[in-house]
Amino acid sequence: MKYAQLVMGPAGSGKSTYCSTIYNHCVNAKRHVMCVNLDPACEQFNYPATVDVRDLISVSDVQEDEDLTLGPNGALVFCMEYLVQNLDWLHEQLNEGEDDYFLFDLPGQIELYSHLPVMRQIVDALRSWDFHVCSVFLIDTQFVLEPAKFMGGALAALSTMVAIETPHINVLTKMDLLSESNKALVEEFIETDMRHLVDQDGHLWHEKHRKLTESIATVLEEYSLVKFHCLDTTDDECIGDLLLIIDSTIQYGEDLEVKDRFPEEMDDDAETTDFDIGGRF
């Protein structure tokens, strides 16, 4: 099997930073991962890209085409649909081997995950190539510091979960940029019953539509559909814990070969077994 994290989320949620952070963490742990840029609008990133979709097509190329006359969002959708039509190119570029692990850095336009079939088609292709796939949905914590906004973020994550239909991990990013009081607020939101959050919101719109908000909160809470994990990119233990959760979700390491090493200096009747599974232990 091969393994893939699909790193998705709204624009500015920190997808490229996440890929860079996980990549560097794995390098330090002597673990091999590869990064793939599938954002045709991306201008720069801080990780070595094994595959870059801009070698196939980019938003700037599409916008320069006078026959198409597309804006930035339309050009990006066009690029992703073109990629789906040329998945053989992606498969050839990946050139994946057994037990390879990829981080796919995806675009930030939310319509790609909510109601267009593009991302689902890419997921189906990866599965047909024997990939275990996990979606990692990122949300910037600075945009969910109010009860209503937190519920909005949960709904955005839920719509992606329903549309993509993969094992799914939701991550609140940029925790290291928050004040201590805001960190405590985020922790409270995560641990608090969604229906309790409704009672904390005194906004006029909320008061007018309280029954609707309460119904949404009940669905999110009673079915335990959306849970969040916090990410502080300055905390190596936090990064490792999140990666372990994702690895467990996609069953990374379960099928890797167990290596037995016997030191030469050991006595003939002594034996030590060292389990080395993908650098995880």
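Whatever comes next refers back to the structure up there.
Residues numbered from 1 in each chain as written. Predicted model: local features only at pLDDT ≥ 70, side-chain atom pairs only at ≥ 80, totals over all residues. Heavy atoms only, no water.

Engineer: Tell me about the packing of aromatic side chains, and name the residues and values.
Structural biologist: This model, assessed by the stated rule, comprises eight aromatic pairs. Ring plane angle 90° and centroid distance 5.1 Å describe the contact between Tyr 3 and Tyr 252, whose orientation is recorded as edge-to-face. Here Tyr 3, found in strand β1 (residues 2–8), pairs with Tyr 252, found in the segment after α12 (236–249); they are 249 residues apart in sequence, far enough to count as distant. Take Tyr 3 and Tyr 252: they sit in the same class, and that class is buried. Relative to Phe 189, the ring of Phe 150 lies with its centre 5.4 Å away and its plane at 55°, an arrangement referred to as tilted. Note that Phe 150 is positioned in helix α7 (residues 147–164) and Phe 189 in helix α8 (residues 180–191), a separation of 39 residues in sequence. Among the aromatic residues, those joined into a cluster by ring pairs are Tyr 3, Tyr 101 and Tyr 252. Over the ring of Tyr 101 we find Arg 31, and its NZ or CZ is 4.7 Å from the ring centre. (Phe/Tyr/Trp six-rings, centres within 6.5 Å; stacked < 30°, edge-to-face > 60°. Helix = DSSP H or I, 4+ residues; strand = E, 2+ residues; numbered from the N terminus. Buried < 20%, exposed > 50% of the residue type's maximum accessible area, 1.4 Å probe, protein only. Lys NZ or Arg CZ within 6 Å of the ring centre and 35° of its normal.)

Engineer: So what's going on with the pairing of strand β6 (residues 168–173)? Residues and values would help.
Structural biologist: By the criterion of burial, β6 is predominantly enclosed, with six of the six residues buried. With burial as the criterion, each face of β6 is covered, one bearing His 168, Asn 170 and Leu 172 and the other bearing Ile 169, Val 171 and Thr 173. Where the polypeptide runs from strand β5 (residues 131–140) across α7 and back to β6, its parallel neighbour, the crossover connection is right-handed. Pairing between β6 and strand β7 (residues 228–230): three bridges, direction parallel. Paired with Leu 172 across the bridge in β7 is Cys 230. (Right-handed = clockwise from strand over helix to strand, strands pointing away. Pairing = 2+ DSSP bridges.)

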